[in-house]
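Observations on the three-dimensional arrangement
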Amino acid sequence: MMARLRLVLAGAGFVLVTIILLPLQLLFVKTGWALQKRLPVLFHKIVRRLLGIRIHVHGEMARGRPLMLAANHSSWADIIVLSAVGEVSFIAKSQVATWPLFGLFAKLQRSVFVEREKRGKTHDQASEIATRLASGDVMVLFAEGTTSDGNRILPFKTSLFGAAQVAIRETSVETVTIQPVAIAYTKVHGVPMGRFHRPIIAWPGDVELGPSLIGMLKEGAYDVDVRFGEPDVIDGKSDRKALARTMEERVRTMMQVSLQGRDYIDPETAPATNLHDPAIFKEAKKL
């Protein structure tokens, strides 16, 4: 009964806030007003409350611009979480643009849609991202290229990291800041999720959006950690593949910190598959 009531109230609230704010954002995007960056933050702060998501931010978003955030991706809720934290736009797969309602939301947040499977379009897509970076927009790259089960980090794809170097080559910027971000869902109703209960909120690639959304709404009261890691400043000579590996390891470390509920990970006791670069642990100890 309570789950159904929670679903109805959250759904009604979502419809109401959408009716009020969506036309405003349409106007702001069409006219190019600066509020087009700020309104999505308000929208997602309201939505995350409707969903019962409590966000715990560790560290802060880098202030240097241009800025690309390299994040892990385990749930559609990641969009809400990061958008509630700051003014960001997303690099999304092209299919998202066709989704009912959610595709419109993505467009109104000025997402860049990419076709990862078409290598011939990589440069054009990177150029669009580069232009946005150079203009001062903070672009979020879900670097795994898909969603995971929320318990692990998948290998980071290297191709779109090249957009940062395209920004250096094709615009007036000399450097780009890349910052790792780890998103970890840790509790439901105040109780640690554990790996077997994290599918409540995780949205791996073969799960349909509708059932995932309804299931999450019925539960309510989630805790999520957002950890901003040590950024790297790159230039035109930086190694894209090495950068992707570094970001992957830093995100993996921060995620393990959150999932294990510890201040840092001891390299002597960490699983061998987690890390192999001792320098990464220095970052975890700063958190």
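Report follows, based on the coordinates. (Residues numbered from 1 in each chain as written. Predicted model: local features only at pLDDT ≥ 70, side-chain atom pairs only at ≥ 80, totals over all residues. Heavy atoms only, no water.)

A closer look at the packing of aromatic side chains
Going by this rule: Working definition: rings of Phe, Tyr and Trp (its six-membered ring) pair if their centres are within 6.5 Å, and the pair is stacked with planes under 30 degrees apart, edge-to-face with planes over 60 apart, and tilted otherwise. Strands are runs of DSSP state E lasting at least two residues, helices are runs of H or I lasting at least four, and both sets are numbered from the N terminus onward. Each residue gets one of three labels from its accessible area relative to the maximum for its type: buried under 20%, exposed over 50%, partly exposed in between, using a 1.4 Å probe on protein chains only.
Tallying each qualifying case throughout the model produces six aromatic pairs. Consider the rings of Phe 14 and Phe 105, whose centres lie 5.9 Å apart with planes at 90 degrees: the pair is edge-to-face. Note that Phe 14 is positioned in helix 1 (residues 2–31) and Phe 105 in helix 4 (residues 102–108), a separation of 91 residues in sequence. The interplanar angle of 90 degrees and the centroid separation of 6.2 Å between the aromatic rings of Phe 102 and Phe 105 together place this pair among those described as edge-to-face. Of this pair, Phe 102 and Phe 105 are both found in helix 4, three residues apart, which corresponds to roughly one turn of the helix. By relative accessible area, Phe 102 is classed as partly exposed at 29%.

Quick look at unusual backbone geometry
Cis geometry is adopted by the peptide bond preceding Pro 66, which originates at Arg 65 and carries an omega value of 0 degrees. With respect to the secondary-structure elements, Pro 66 resides in the loop between strand 1 (53–58) and strand 2 (67–71). A positive phi angle is found at Leu 101, which is not glycine, with a value near 65 degrees. A relative accessible area of 37% places Leu 101 in the partly exposed class. Positive phi outside glycine occurs at His 189, with the angle close to 55 degrees. With respect to the helices, strands and loops of the structure, His 189 is situated in the loop between strand 6 (176–188) and strand 7 (191–192).

Some remarks on the pairing of strand 8 (residues 222–228)
Test applied: Any two strands are treated as partners once DSSP identifies two or more bridges connecting them.
Along strand 8, seven of the seven residues are buried, which leaves the element largely enclosed by surrounding structure. Where strand 1 lies against strand 8, six bridges are found, and the strand directions are parallel. Looking at the pairing, Ile 53 lines up with Tyr 222 of strand 8. Inspection of the sheet shows strand 6 paired to strand 8 by seven bridges, in the antiparallel sense. Opposite Lys 187, over in strand 8, you have Asp 223 as the bridge partner.

A closer look at the pattern of salt bridges
Using the following cut-off: Here, a salt bridge means any side-chain nitrogen of Lys or Arg that lies within 4 Å of a carboxyl oxygen of Asp or Glu.
Inspection of every chain in the model, using the stated rule, returns ten salt bridges. Here Asp 137 and Lys 37 are joined by a salt bridge, their closest N and O atoms 2.9 Å apart. Taken as a pair, Asp 137 in the loop between helix 5 (122–134) and strand 5 (139–142) and Lys 37 in helix 2 (residues 35–50) lie far apart in primary sequence, 100 residues in all. The exposure class assigned to Asp 137 is buried, which follows from its relative accessible area of 4%.

A word on the side chain of Asn 72
Convention followed: Here a polar contact is recorded for every N or O atom pair within 3.5 Å, except that within protein the pair must consist of a potential hydrogen donor and a potential acceptor, and residues adjacent in sequence are included only if both atoms are side-chain atoms. Contacts: residue pairs with any heavy atoms within 4.5 Å of one another.
Along the chain, Asn 72 falls in the loop between strand 2 and helix 3 (77–85). A distance of 2.7 Å separates a polar atom in the side chain of Asn 72 from the backbone nitrogen of Ile 183. Excluding residues that lie within four positions of it along the chain, Asn 72 makes contacts with Asp 78, Phe 142, Glu 144, Ile 153, Val 181, Ala 182, Ile 183, Val 251 and Met 255.

Side note on empty space enclosed by the protein
Counted only if it meets this: A 1.4 Å probe that fits into a set of points on a 1 Å grid over the protein atoms alone but cannot get out defines a cavity; an open set with protein on both sides within 12 Å along at least five of seven lines defines a pocket, and lining residues are those with an atom within 4 Å of a point. Grid points are joined across faces, edges and corners, and a volume is the space filled by probe spheres set on the points. Polar here means any residue outside two lists: the nonpolar Ala, Val, Leu, Ile, Met, Phe, Trp, Tyr, Cys and Pro, and the charged Asp, Glu, Lys and Arg; Gly therefore counts as polar.
According to the stated counting rule, one finds one cavity of 30 Å³ or more in the structure shown. Taken as a whole, the largest cavity spans an internal volume of roughly 130 Å³. Along its surface, the largest cavity is lined by Leu 21, Leu 22, Gln 25, Leu 39, Pro 40, Phe 43, His 44, Phe 105, Leu 108 and Gln 109. Residue assignment for the lining of the largest cavity shows that the elements contributing at least two residues are helix 1, helix 2 and helix 4. Examining the composition of the lining of the largest cavity, we find that four residues originate from one element, helix 2, more than from any other. Looking at the lining of the largest cavity residue by residue, the class counts come to seven nonpolar, three polar and no charged.

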